[in-house]
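Close look at the chain arrangement
Here is how the chains run, residue by residue.
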Amino acid sequence: MGDPTGEDCSGARQSLQLIGHINNIKDAVDFLFSPHVLDDPTACLQRAFLSPRNVFVDEFNDIMHCQEIM
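Overview of the structure. (Residues numbered from 1 in each chain as written. Predicted model: local features only at pLDDT ≥ 70, side-chain atom pairs only at ≥ 80, totals over all residues. Heavy atoms only, no water.)

**Quick word on the overall build of the chain**
Applicable threshold: Helix and strand labels come from DSSP, where a helix needs a run of H or I of at least four residues and a strand needs a run of E of at least two; each type is numbered from the N terminus. Throughout, exposure labels follow a simple rule: accessible area from a 1.4 Å probe, protein chains only, divided by the maximum for the residue type, with under 20% read as buried, over 50% as exposed, and the rest as partly exposed. Computed by Shrake-Rupley with a 1.4 Å probe, the accessible areas treat only the displayed protein chains as cover when residues are assessed.
When helices and strands are counted, the chain shows 4 helices and 0 strands. Across the 70 residues in the chain, those meeting the buried criterion constitute 14%. For the chain, the accessible area works out to roughly 6,300 Å², and carbon and sulfur atoms hold 57% of it.

**Quick look at the nonpolar core**
Basically, it comes down to this: Side-chain atoms within 4.5 Å are what join buried Ala, Val, Leu, Ile, Met, Phe, Trp, Tyr and Cys residues into a set we call a nonpolar core. Every residue pair with non-hydrogen atoms within 4.5 Å of one another is taken to be in contact.
With 9 residues, the main nonpolar core is built from Ile 25, Ala 28, Val 29, Leu 32, Phe 33, Val 37, Ala 43, Phe 60 and Met 64. Secondary-structure elements contributing two or more residues to this core are α1 (25-32) and α4 (54-69). With 4 residues, the top contributor of residues to this core is α1. Not counting chain neighbours up to four residues away, the residues in contact with Phe 33 comprise Ala 28, Leu 38, Cys 44, Arg 47, Phe 60 and Met 64.

**Comments concerning the side chain of Ser 34**
Our working rule: A 3.5 Å cut-off defines polar contacts: any pair of N or O atoms within that distance qualifies, except that in protein one atom must be a possible hydrogen donor and the other a possible acceptor, and neighbouring residues in sequence count only when both atoms are side-chain atoms.
Mapped onto the secondary structure, Ser 34 falls in the loop between α1 and α2 (35-38). Engagement of the side chain of Ser 34 in a polar contact is seen with the side chain of His 36, the distance being 2.8 Å.

**Topic: the pattern of salt bridges**
This is how the line gets drawn: Think of a salt bridge as a Lys or Arg side-chain nitrogen and an Asp or Glu carboxyl oxygen that are within 4 Å of each other.
Scanning the model with the defined rule gives 1 salt bridge in all. Here Asp 30 ties to Lys 26 by a salt bridge, and the two come within 3.0 Å at their closest N and O atoms. One end of the pair, Asp 30, and the other, Lys 26, are both in helix α1, 4 residues apart, so they sit about a helical turn from each other. Looking at Lys 26, the relative accessible area reads 42%, which means it is partly exposed.

**Considerations on the packing of aromatic side chains**
To be explicit about the condition: To pair, rings of Phe, Tyr and Trp, with the six-membered ring standing in for Trp, must have centres within 6.5 Å; the planes then decide the type, stacked if under 30 degrees apart, edge-to-face if over 60, and tilted in the middle.
Enumeration according to the criterion identifies 2 aromatic pairs in this entry. Judged by centre distance (6.1 Å) and plane angle (55°), the ring pair of Phe 33 and Phe 60 falls under tilted. Taken as a pair, Phe 33 in the loop between α1 and α2 and Phe 60 in helix α4 lie far apart in primary sequence, 27 residues in all. Of the two residues, Phe 33 and Phe 60, neither departs from the other in class, the shared state being buried. Taking the centre distance of 4.2 Å and the plane angle of 5° together, the rings of Phe 49 and Phe 60 count as stacked. Taken together, the residues span a long stretch of sequence, with Phe 49 in the loop between α3 (41-45) and α4 and Phe 60 in helix α4 at a distance of 11 residues. You can call Phe 60 buried: its relative accessible area is 4%.

These figures capture arrangement, not role.
Structure follows, in C-alpha cells:
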C-alpha cells in the first residue's frame, strides 16, 4: 500500500514547515557529517548530500576531501 502523500495526484500543496533548511554548504557538512558521525563508518553510509546543481555537489565534495586530509 502506498503512502497517501506520495500517491497524491491532485496537485494539492504540502506544507514543508517541519523540514529544516540550511543556508550554506558548510552548514550542510556540519549537519550531515559531524565529528561523531565521521567516527562511525556505518553512520556515514546512511547519509547523503543531494542537490539539483552539480556545482553545489562539487563544493560539498571539495570540503569533505579537505576534512579527510586534516
